[in-house]
Structure formats: structure tokens, C-alpha cells
Amino acid sequence: MDEQSRAVEQLVCAPCGTTADSPRPTWTCSVENGCRRYFCDDCSREHLRAIEGRLDSSWW
């Protein structure tokens, strides 16, 4: 493995800006218009119905 593939991407919650240094199993990931968007625990809980309804985050 080269150095780039070992680097861990820092996650940033799209709505609130909370950061995480490593993948979090309780965060939600959504692909909207070909871009990955991450949502922290709090934002995921707050918008659960919209996420389950597959509404883009711009809607909520």
C-alpha cells in the first residue's frame, strides 16, 4: 500500500460541520448528485424520516 491509500479521510458533517478523524459506524453517508455527503449522529437522528425517504439534504 502506498502512503495515499493509507491516509484516512477526515469526515465532516454536511449540515453542522462536526468533524471525525476516522470513519464512524453511526454516521450516515449519502450520495447526492454524485457527491458523498456525511451526516453525524445528531443530524442523522434529526432528519431520519427524510433520509429514509431518500430526499436530498437540500430538501430538508
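Criteria and thresholds
Residues numbered from 1 in each chain as written. Predicted model: local features only at pLDDT ≥ 70, side-chain atom pairs only at ≥ 80, totals over all residues. Heavy atoms only, no water. Helix = DSSP H or I, 4+ residues; strand = E, 2+ residues; numbered from the N terminus. Buried < 20%, exposed > 50% of the residue type's maximum accessible area, 1.4 Å probe, protein only. Contact = heavy atoms within 4.5 Å. Areas by Shrake-Rupley, 256 points an atom, 1.4 Å probe, with all protein chains shown as cover. Pairing = 2+ DSSP bridges. Salt bridge = Lys/Arg side-chain N within 4 Å of Asp/Glu carboxyl O. Core = buried A, V, L, I, M, F, W, Y, C linked by side-chain atoms within 4.5 Å.

Caption draft 1: View of the overall build of the chain. On a plain count of helices and strands, the chain comes out with 3 helices and 4 strands. Helices and strands appear in the chain in the N-to-C order α-β-β-β-β-α-α. The buried share of the chain, reckoned over its 60 residues, is 22%. Nonlocal contacts in the chain, meaning residues at least 24 apart in sequence, comprise 24% of its contacts between residues at least 6 apart. Surface accessibility of the chain: about 4900 Å² in total, with carbon and sulfur atoms responsible for 46%.

Caption draft 2: Seen up close, the pairing of strand 4 (residues 35–39). Where strand 3 (residues 28–32) lies against strand 4, 5 bridges are found, and the strand directions are antiparallel. If you follow V31 over to strand 4, its bridge partner there is R36.

Caption draft 3: Spotlight on the pattern of salt bridges. Within this structure, the stated rule accounts for 2 salt bridges. Close ionic contact of E32 with R37 constitutes a salt bridge, the shortest N to O distance being 3.6 Å. For E32, a relative accessible area of 8% translates into the label buried. Here R37 falls in the partly exposed class, since its relative accessible area comes to 30%. With its nearest N and O atoms 3.2 Å apart, the salt bridge here joins R45 to D42. Of this pair, R45 and D42 both sit in helix 2 (residues 41–46), 3 residues apart, roughly one helical turn.

Caption draft 4: Structural view of unusual backbone geometry. Phi angles above zero are rare outside glycine, and N33 is one such case at about 55°. As for its placement among the helices and strands, N33 is situated in the loop between strand 3 and strand 4.

Caption draft 5: A look at the nonpolar core. One finds L11, C13, A20, W27, Y38, F39, C40 and C43 forming the largest nonpolar core, which totals 8 residues. If sequence neighbours within four positions are ignored, C40 has contacts with C13, C16, T18 and W27.

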